[in-house]
Amino acid sequence: MIELEGVPELIDPVMVAAFEGWNDAGDAASTAVAHLDREWKGEVFAALDAEDYYDFQVNRPTVWLDNGVRKITWPTTRLSVVRVGGDKPRDLVLVRGIEPSMRWRSFCNELLGFAHELGVEMVVVLGALLGDTPHTRPVPVSGVTSDPDLARTMDLEETRYEGPTGIVGILQEACTHAGVPAVSLWAAVPHYVSQPPNPKATLALLNRLEDLIGLRIPLGELPEDARAWQLGVDQLAAEDSEVAEYVQTLEEARDTAELPEASGEAIAREFERYLRRREPGSAPPPGGHATESGDATYLRDTSSGRTRPPKPIRPEAGPGQPGGPGQPDPVKPPSDGPDDRSGDSGTADNRPDDEPDGNGPDSGPADGDGADGPHSQD
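The paragraphs below set out a description of the structure included in this document. (Residues numbered from 1 in each chain as written. Predicted model: local features only at pLDDT ≥ 70, side-chain atom pairs only at ≥ 80, totals over all residues. Heavy atoms only, no water.)

**Topic: helix α5 (residues 167-177)**
Of all 11 residues in α5, 8 are buried; the element is thus mostly enclosed. Looking only at α5, the buried set comprises Ile167, Val168, Gly169, Ile170, Leu171, Gln172, Ala174 and Cys175. Summarising the contacts, the buried residues of α5 are in contact with β1 (14-20), α3 (104-118), β7 (122-131), β8 (141-145) and β10 (182-190). Of the residues flanking the end of α5, it is Gly179, one or two places downstream, whose phi is positive at about 80°. (Buried < 20%, exposed > 50% of the residue type's maximum accessible area, 1.4 Å probe, protein only. Helix = DSSP H or I, 4+ residues; strand = E, 2+ residues; numbered from the N terminus. Contact = heavy atoms within 4.5 Å.)

Structure representation (structure tokens):
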């Protein structure tokens, strides 16, 4: 049994997760969860055993000195809890870690075990991908789910994607098979300036999360950081006429694609979102508790004494992406078209690894907690 000593009974909890690595272009998703943890002063209550899920030759531990005493920080996934006050207080369970190197099904089952014990109503997984999107335009953020009812009630897209996937896609499917409502939010990061950090993409993810769960998120210095980031990229792009021309091409393609959406209804939706941000609180989203009935029945692990949910159905294609782990150079367009490292077009309209009509995010490395090597592509 998972014991959660010191964790109070939670109020309408939502689990928000992000993982460094394959599904975290520009570190946008993991930085978003780190921002929530910092702004709301999260308290870590659990960490997964690093021995079970990580290859230490890929994600290396770090050694550091604490008052002359040498200590080791192991790469892992940690869970913290934050309480958001206001007229209608609610709790968030924050999951931040590195995409595991092995035992993905056990990894997801362990996270679902915590979700069950804490009464989590919904799981939101954040991700970021590289795409043909200009840095001068708003960051596209798409929301997808495998639950048709959730897609209808929360105005999300029901995923139809088939192909290689990462831990974001696997965790979403594990939640679905366990009867826990799950949503993935994806931000598209310009492939020609993919190096972290990308505060503009992080800000876009937090804005979409705010709309989804009905909570006002303190943004701190993120809006200013996002403006500074865009100005910096503008200056770098202006120094190279080839880059400037390529960015203009992306802008024209984006504006043409989005022209039908520039309607009165779309403008009204944006204005309503702005007004909601100025209000102290709003109603929580729909969603059911993770229960012990039906597909969410938990099985006992006799070796550890814990309970765990049944293993999710293994997808037809294993997690990971074919191709090397290289990232494109900063602010440099490709010589013969958009970045296409895995045979996919990588356009802004394409969907991430668990979305329909698209392709997985780029397999570029992202530094983990103490990692000094590339992340696993398993």
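**What about the sheet that holds β8?**
Taken in spatial order, the 8 strands line up as β2-β5-β6-β1-β7-β10-β8-β9 in an open sheet, and their pairing is mixed. Two strands lie at the open edges of the sheet, namely β2 (43-47) and β9 (157-158), each paired on one side alone. On top of the sheet, α3 reaches β1, β2, β5 (78-84) and β6 (90-98); it is set at about 155° to β1, its chief contact. Those strands touched by α5 are β1, β7, β8 and β10, and its axis lies near 165° from that of β10. (Pairing = 2+ DSSP bridges. Axes fitted to C-alpha atoms, helices over the stretch in contact; angles between N-to-C directions.)

**Overview of the packing of aromatic side chains**
Enumeration over the complete set of coordinates arrives at 5 aromatic pairs. Measuring from centroid to centroid gives 6.2 Å for Phe45 and Phe114, while their planes differ by 70°, and the two rings are edge-to-face. Taken together, the positions of Phe45 in strand β2 and Phe114 in helix α3 put the pair 69 residues apart, joining distant regions of the chain. Judged by centre distance (4.9 Å) and plane angle (50°), the rings of Phe56 and Trp74 are tilted. Here Phe56 is found in the loop between α2 (50-53) and β3 (62-66), whereas its partner Trp74 is found in the loop between β4 (69-73) and β5, with 18 residues between them in sequence. Among the aromatic residues, those joined into a cluster by ring pairs are Phe19, Tyr53 and Phe107. (Phe/Tyr/Trp six-rings, centres within 6.5 Å; stacked < 30°, edge-to-face > 60°.)

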